[in-house]
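# Observations on chain architecture
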Amino acid sequence: MKCDWIKIRNDFPITKKYSYLDNAAISPIPIPVYIEACKFYKNLMDHGGKIWTKYIKVKEETRKRYAEFIGSNDSEIAFTHSTSEGMNIISHMLSNKGIVILNGLEFPASNLPWINNNPKNVRFVKCRDNNRIELEDIVDLIYDLESKVDDNNIVKTIVTSHVQFSTGYRIDLDKLSNFTKQKKIFLVINSTQSLGSLYFNVKEQGVDFAATNGHKWMLSSFGIGAIYINKKYLDEYQLKPSFFSHFGQKQIDNYENNKQIEMSDNATRFEIGTPHFQNIISLNAAVKYLSNIGIKNIEHRILQLTDYIIEKLESLNFEIISPIKNKNQRSGIIVFRSKKLHPLTIVKKLENENVIVSQRGKGIRISPHFYNSEEDLDKLILLLEKL
Ligand SMILES: Cc1ncc(COP(=O)(O)O)c(C=O)c1O
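In this text the structure is predicted, and so the values were computed from the model without any measurement. (Residues numbered from 1 in each chain as written. Predicted model: local features only at pLDDT ≥ 70, side-chain atom pairs only at ≥ 80, totals over all residues.)

## Some words on the nonpolar core
- One finds Ile90, Ile101, Ile227, Tyr228 and Ala286 to be the most contacted residues of the largest nonpolar core, which totals 94 residues.
- The element contributing the most residues to this core is helix H9 (residues 277-293), with nine residues.
- Sequence-distant contacts of Tyr228, that is, excluding residues within four places in its chain, are made with Ile70, Ser72, Glu76, Ile77, Val202, Phe209 and Ala210. (Core = buried A, V, L, I, M, F, W, Y, C linked by C-beta atoms within 7 Å. Buried ≥ 20, exposed ≤ 12 C-beta atoms within 10 Å, placed from the backbone. Helix = DSSP H or I, 4+ residues; strand = E, 2+ residues; numbered from the N terminus. Contact = placed C-beta atoms within 7 Å.)

Shown next as structure tokens:
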């Protein structure tokens, strides 16, 4: 399908004022998401608790829509408030099962829950050039651990982002999951920086567990996230939540039973307390919006924009920190460095001209979404030239 990107841009009023190139931090919501969120509050204002049944249904509709978006079954999805919450849930289930491989490029939300739960089981894989980890690096570490012939060295879990927040490095999930399947290792993916921007399909790409949030590429605003847990593991390993509420019961409306756990047989067992409907509704509207455009179209457009900016940055002699040689490792994130100026100085100067980017580590991170245009990037380049 051919997309009319100019028309789509009109769904984002932010584009009238800003060249907003910071979607890896927080993205603006499009008009259709805003409308649905407003409708919810209006309904709550006008009808109070009478809206309950309607929104319980919307919650399940959202679960279906979201599951389809990531290629899973709805029984494998639980709503959370954030990636951190999701990663905590997953780490509670897996951190005592064996060694967990983490890496030093991750956002803290990927790593800290595992370190908190069982620091003795954590090992770090080395990064190459401080910007990527290759499958070979993980394989080498695992064989090295296995050679120590000790039951305590059996690797059970690999945790990594699909796309790294600090470099934009995209790992090859197909290759990685082929390996984890052979070795019977759980593959846990932080999909925060890919979902909504790049193709991400848990079944096709062999992901066992995934955690994400809604306020970045997913265009859904704050306080919403989701986890995916392959049903096979829910059943076979009897994976249990470490926090439990009656919302995890088979019958949530049975208030008489406050003595006996009858855990739901799907991922809803991980949902705690009264649902945050307003955020689930935003996710529903956003997934509908993204699905209408099509994730493959979105990915294609974003990579067009990042390819465009890479060429311009190279011509200006900026040092690009992101690994860009292998095109398959590119994503919606490009990080670069100036040899002369501190990144924060540049970020502030750009902000004064309504060009919004972020500092990450020693670099400046640009993260265009599909609603951005080449003109947004030209404005950035023009200002960088002047610096
Ligand atoms: C890869 C990654 N994971 C997680 C987060 C944040 O997660 P949370 O929803 O827990 O705030 C970020 C960014 O802020 C991120 O870049």
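## Concerning the sheet that holds strand E12 (residues 358-360)
- Ordered in space as E9-E10-E13-E12, the four strands form an open sheet in which the pairing is antiparallel. One side of each edge strand has no neighbouring strand; the edge strands of this open sheet are strand E9 (319-320) and E12.
- Across the sheet, helix H10 (residues 295-315) touches E9, strand E10 (334-337) and strand E13 (363-366), and the angle it forms with E10 is around 10°. (Pairing = 2+ DSSP bridges. Axes fitted to C-alpha atoms, helices over the stretch in contact; angles between N-to-C directions.)

## A short note on the site of the ligand
- If you check the shell around the ligand, you find Ser82, Thr83, Ser84, Phe107, Ala109, Ser161, Phe165, Asn190, Thr192, Gln193, Asn213 and Gly225 and nothing else.
- Of the residues contributing to the shell around the ligand, the split by class is three nonpolar, nine polar and no charged. (Near = placed C-beta within 6 Å. Nonpolar A, V, L, I, M, F, W, Y, C, P; charged D, E, K, R; others polar.)

## Structural notes on unusual backbone geometry
- Unlike most non-glycine residues, Asp129 shows phi in positive territory, near 50°.
- Turning to its location among the elements, Asp129 is positioned in the loop between strand E4 (122-125) and helix H6 (135-146).

## Some words on the sheet that holds strand E6 (residues 186-190)
- Taken in spatial order, the seven strands line up as E2-E8-E7-E6-E5-E3-E4 in an open sheet, and their pairing is mixed. Each having just a single partner strand, strand E2 (77-80) and E4 make up the two edges of the open sheet. Neighbouring strand axes in the sheet, compared pairwise and without regard to direction, differ in orientation by 20° on average.
- In the sheet, strand E5 (residues 155-161) pairs with E6 via five bridges, with the strands oriented parallel. Bridge pairing in E6 places Thr157 opposite Phe186.

## Quick word on the domain arrangement of the protein
- Split into domains, the protein comes out as domain 1 (5-21 + 295-386) and domain 2 (39-291).
- Distance between the C-alpha centres of domain 1 and domain 2: 28 Å.
- On the domain 2 side, the residues contacting the 19 residues of domain 1 number 17 residues.
- Every element with two or more residues in the side of domain 1 that touches domain 2 is listed here: H10 and E10. (Domains from an automatic or database assignment.)

## Description of H9
- A rise of 1.5 Å per residue sets the reference length of H9, with its 17 residues, at 24 Å; its end C-alpha atoms lie 25 Å apart and thus fit the reference within 8%.
- For H9, the buried fraction is high: 12 of the 17 residues fall into the buried class.
- When we look at burial in H9, the residues that qualify are Phe277, Asn279, Ile280, Ile281, Ser282, Leu283, Asn284, Ala285, Ala286, Val287, Tyr289 and Leu290.
- Elements that come into contact with the buried residues of H9 comprise helix H2 (31-47), helix H3 (52-70), E2 and H10.
- Gly294 sits one or two positions beyond H9 and adopts a positive phi of about 100°. (Expected span 1.5 Å × (residues − 1).)

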